[in-house]
Amino acid sequence: MFNLKTTPGAAKPELYRELACQLAGLLDGERDGLANAANTAALIYQGLPDLNWAGFYFLRGGELLLGPFQGKVACVRIGLGKGVCGTAASQRETLVVPNVAEFPGHIACDHASRSEVVVPLVKSGRLVGVLDLDSPNPGRFDRADAEGLQVLAELFLSRSELGALHD
Ligand code: SME
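Since the model is a prediction, treat every value here as computed from it, not as a measurement.

How each quantity is defined
- Residues numbered from 1 in each chain as written.
- Predicted model: local features only at pLDDT ≥ 70, side-chain atom pairs only at ≥ 80, totals over all residues.
- Heavy atoms only, no water.
- Pairing = 2+ DSSP bridges.
- Helix = DSSP H or I, 4+ residues; strand = E, 2+ residues; numbered from the N terminus.
- Axes fitted to C-alpha atoms, helices over the stretch in contact; angles between N-to-C directions.
- Salt bridge = Lys/Arg side-chain N within 4 Å of Asp/Glu carboxyl O.
- Buried < 20%, exposed > 50% of the residue type's maximum accessible area, 1.4 Å probe, protein only.
- Near = heavy atom within 4 Å.
- Polar contact = N/O pair within 3.5 Å; in protein donor to acceptor, adjacent residues only side chain to side chain.
- Areas by Shrake-Rupley, 256 points an atom, 1.4 Å probe, with all protein chains shown as cover.
- Nonpolar A, V, L, I, M, F, W, Y, C, P; charged D, E, K, R; others polar.
- Phe/Tyr/Trp six-rings, centres within 6.5 Å; stacked < 30°, edge-to-face > 60°.
- Core = buried A, V, L, I, M, F, W, Y, C linked by side-chain atoms within 4.5 Å.
- Contact = heavy atoms within 4.5 Å.

## Remarks on the sheet that holds strand 4 (residues 95-97)
Logical step 1: On the basis of which strands lie adjacent, the open sheet formed by six strands has the order 3-2-1-6-5-4 and antiparallel pairing. The open sheet has two free edges, formed respectively by strand 3 (77-79) and strand 4, since each of these has just one partner strand. For this sheet, the mean inter-axis angle between neighbouring strands, taken without regard to orientation, is 25 degrees.
Logical step 2: As paired elements, strand 1 (residues 53-60) and strand 2 (residues 63-71) share seven bridges and run antiparallel to each other. Residue pairing across strands places Y57 opposite L66, the latter belonging to strand 2.

## Topic: the pattern of salt bridges
Logical step 1: Tallying each qualifying case throughout the model produces six salt bridges.
Logical step 2: Close ionic contact of K12 with D142 constitutes a salt bridge, the shortest N to O distance being 3.2 Å. Taken together, the residues span a long stretch of sequence, with K12 in helix 1 (residues 12-27) and D142 in the loop between strand 6 (126-135) and helix 4 (143-158) at a distance of 130 residues.
Logical step 3: In this structure, E63 and R77 form a salt bridge, with 2.8 Å as the shortest nitrogen-oxygen distance. In this pair, E63 is assigned in strand 2 and R77 in strand 3, connecting sequence segments 14 residues apart.
Logical step 4: Owing to a relative accessible area of 24%, E63 belongs among the partly exposed residues under this scheme.
Logical step 5: Using a relative accessible area of 53% as the deciding quantity, one classes R77 as exposed.
Logical step 6: By sharing partners, the salt bridges in this structure join K12, R140, D142 and D145 into a single network.

## What to know about the site of the ligand
Logical step 1: Not every one of the 13 residues close to the ligand is listed here, only the nearest: V84, C85, I107, E116 and D134.
Logical step 2: At 2.8 Å from an oxygen atom of the ligand is found a main-chain nitrogen or oxygen belonging to C85.
Logical step 3: Interatomic distance of 2.7 Å between a side-chain N/O atom of D134 and an oxygen atom of the ligand.
Logical step 4: Here the ligand, which alone exposes 300 Å², has 100% of that area covered by the protein.
Logical step 5: Here the shell around the ligand gets three residues from one element, more than from any other, and that element is helix 3 (residues 83-91).
Logical step 6: The class makeup of the residues in the shell around the ligand is eight nonpolar, two polar and three charged.

## Quick word on the packing of aromatic side chains
Logical step 1: Under the definition given, this model contains five aromatic pairs.
Logical step 2: With 6.0 Å between their ring centres and 25 degrees between their planes, W53 and Y57 make a pair best called stacked. Each member of the pair, W53 together with Y57, is buried.
Logical step 3: For the pair F56 and F156, a centre-to-centre distance of 4.8 Å together with 45 degrees between the ring planes defines the contact as tilted. With F56 in strand 1 and F156 in helix 4, the pair connects residues that are 100 residues apart, well separated along the chain.
Logical step 4: Residue classification places F56 among the buried positions, given a relative accessible area of 0%.

## What about the nonpolar core?
Logical step 1: One finds I44, L48, L131, L133 and L149 to be the most contacted residues of the largest nonpolar core, which totals 32 residues.
Logical step 2: Broken down by secondary-structure element, the contributors of at least two residues to this core are helix 1, helix 2 (33-47), strand 1, strand 5 (115-123), strand 6 and helix 4.
Logical step 3: In this structure L131 touches I44, G55, F56, V117, V118, V119, L121, L149 and A153, once residues within four positions along its chain are discounted.
Logical step 4: In this structure, A74, A88, L95 and L127 belong to the second largest nonpolar core, which totals 17 residues.

## Structural notes on the pairing of strand 5
Logical step 1: Taking burial as the measure, the nine residues of strand 5 include seven buried ones, the bulk of the element.
Logical step 2: Direction of pairing for strand 4 relative to strand 5: antiparallel, over a ladder of three bridges. Across the sheet, the residue bridging to L95 is V118, located in strand 5.
Logical step 3: Pairing analysis gives nine bridges linking strand 5 to strand 6, with the strands arranged antiparallel. From the neighbouring strand, V117 faces strand 6, where its bridge partner is L133.

Here you go:
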């Protein structure tokens, strides 16, 4: 039984430190990329406030293919350069979008989403996918989220064999 514990009212950097510590524990002893992606998405969704979606897309056949996630059903395939996910992937840069309505080409999977952050997943110099979080609150994500999520994404990547999950 895994009990996620975070300090109520903790500032974002502290919250992300706590989540990183617990993610390391959760992934300890398991290297299966699919299982670890599923648990990473669940830990993020459970551990961070004000989210309506958290999950993975993996690069398959030259496009982003939906991976494990928490939240409402989502679009399955996203082309590189399309939407926030495809743009973050093609630029290999974390994108913080305070207002998705102002992002050209934003793909609305859940109409409740108001802000979004996408972290590209790069392993051994290769783009393998993205980690995507949505919030119903405008301006939910900032630099502290981007930095904290990059650490969680790195932990996931370093602890997992992705095998056939990506090209
Ligand atoms: N909004 C994303 C699509 C994925 S969903 O949010 C789960 C985008 O514009 O790429």
